[in-house]
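# Results of the structural survey
Listed below are the residues making up each chain.
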Amino acid sequence: MVEENETIDDCLDRMSKEGYFPVRRTEQPIFKEEKRDNVVEHVPCGRSITFEGKLM
């Protein structure tokens, strides 16, 4: 998983140093609830990027 304040390249470099290479990337949106006019809306506020790795 790409950590907070880490670039994708930093994450891939970290995976390589640990002996893994990426085989799949998935992204999940992150939502937060905001109340507007007494209606709760789910507003996107970020994303979570995860790489699946295989051992070299």
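So, here is what we can say about the structure in this document. (Residues numbered from 1 in each chain as written. Predicted model: local features only at pLDDT ≥ 70, side-chain atom pairs only at ≥ 80, totals over all residues. Heavy atoms only, no water.)

## What to know about the pattern of salt bridges
By the definition in use, this model includes seven salt bridges. We note a salt bridge from E52 to R24, for which the minimum N-O separation is 2.7 Å. One end of the pair, E52, is in strand β2 (residues 39–55); the other, R24, is in strand β1 (residues 20–36), and 28 residues separate them in sequence. Its salt-bridge partner being R36, residue E34 comes within 2.7 Å of it at the nearest N-O pair. Under the relative-accessibility criterion, E34 is labelled partly exposed at 22%. Judged by relative accessible area, which is 42%, R36 ranks as partly exposed. Through salt bridges with shared partners, a single network forms among K32, E34, R36 and E41. (Salt bridge = Lys/Arg side-chain N within 4 Å of Asp/Glu carboxyl O. Helix = DSSP H or I, 4+ residues; strand = E, 2+ residues; numbered from the N terminus. Buried < 20%, exposed > 50% of the residue type's maximum accessible area, 1.4 Å probe, protein only.)

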